[in-house]
Amino acid sequence: MTRILVVEDDRVHRKIIREILAPHGYDVMEAADGIEAIHMQRDHGFDLILTDVVMPGVSGGDLAKQL
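Chemist: Before we move on, could you go through the environment of Gly61 and cite the residues and values that matter?
Modeler: In this structure, Gly61 sits in helix 3 (residues 60–66). Expressed as a C-alpha distance, the spacing of Gly61 and Lys15, which sit 46 residues apart in the sequence, is 22 Å.

Chemist: Give me the lowdown on the pairing of strand 1 (residues 3–7), citing residues and values where you can.
Modeler: Taken across its five residues, strand 1 has four buried, putting it largely inside the fold. Chirality of the crossover, the property in question, places the unit of strand 1, helix 1 (residues 11–21) and strand 2 (residues 27–31) among those that are right-handed. By the bridge criterion, four bridges tie strand 1 to strand 3 (residues 48–51) in an arrangement that is parallel. Looking across to strand 3, one finds that Ile4 is bridged to Leu48.

Chemist: So what's going on with the environment of Ile4? Which residues, and what values?
Modeler: Examined against the element boundaries, Ile4 turns out to sit in strand 1. Taking the C-alpha atoms as reference points, Ile4 and Tyr26, 22 residues apart in sequence, are found 6.9 Å from one another. In this structure Ile4 touches Leu21, Tyr26, Asp27, Val28, Met29, Phe46, Leu48 and Leu50, once residues within four positions along its chain are discounted.

Chemist: Quick one: what's the story with the sheet that holds strand 1, residue by residue and with numbers?
Modeler: Spatially, the three strands line up as an open sheet ordered 2-1-3, and their pairing is parallel. At either end of the open sheet lies a strand with only one pairing partner, and these are strand 2 and strand 3. In this sheet, adjacent strand axes meet at a mean angle of 20° when their direction is disregarded. Packing against the sheet, helix 2 (residues 34–44) makes contact with strand 1, strand 2 and strand 3, and its axis sits at approximately 140° to strand 2.

Chemist: Please set out the pattern of salt bridges residue by residue, giving values where relevant.
Modeler: Proximity of charged atoms lets side chains of opposite charge pair with each other. Summed over all chains, the structure comprises four salt bridges. The closest approach of N and O atoms between Glu19 and Lys15, which form a salt bridge, is 3.9 Å. Residue Glu19 and its partner Lys15 are both found in helix 1; the two are separated by four residues, about one turn of the helix. Measuring nitrogen to oxygen at the nearest pair gives 2.6 Å for the salt bridge that ties Arg18 to Glu30. Of this pair, Arg18 sits in helix 1 while Glu30 sits in strand 2, and the two are twelve residues apart along the sequence. Each of Arg14, Arg18 and Glu30 takes part in salt bridges that share partners, so that together they form one network.

Scoring rules and cut-offs
Residues numbered from 1 in each chain as written. Predicted model: local features only at pLDDT ≥ 70, side-chain atom pairs only at ≥ 80, totals over all residues. Heavy atoms only, no water. Helix = DSSP H or I, 4+ residues; strand = E, 2+ residues; numbered from the N terminus. Buried < 20%, exposed > 50% of the residue type's maximum accessible area, 1.4 Å probe, protein only. Right-handed = clockwise from strand over helix to strand, strands pointing away. Pairing = 2+ DSSP bridges. Contact = heavy atoms within 4.5 Å. Axes fitted to C-alpha atoms, helices over the stretch in contact; angles between N-to-C directions. Salt bridge = Lys/Arg side-chain N within 4 Å of Asp/Glu carboxyl O.

In structure tokens:
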């Protein structure tokens, strides 16, 4: 099963993305910011990361470079 991490600071957007992906068999996890995403990547590992570009703290672009 493909594991996807959705990184989005807006809770409603994270929920919508999960509701779209999960019924198609994806294992979807959520992070509210880049720092949380980095910790989750270390703990779980993901096949794909979908991230917002503009977030407080670590931007989506910086997050992609770090991961």
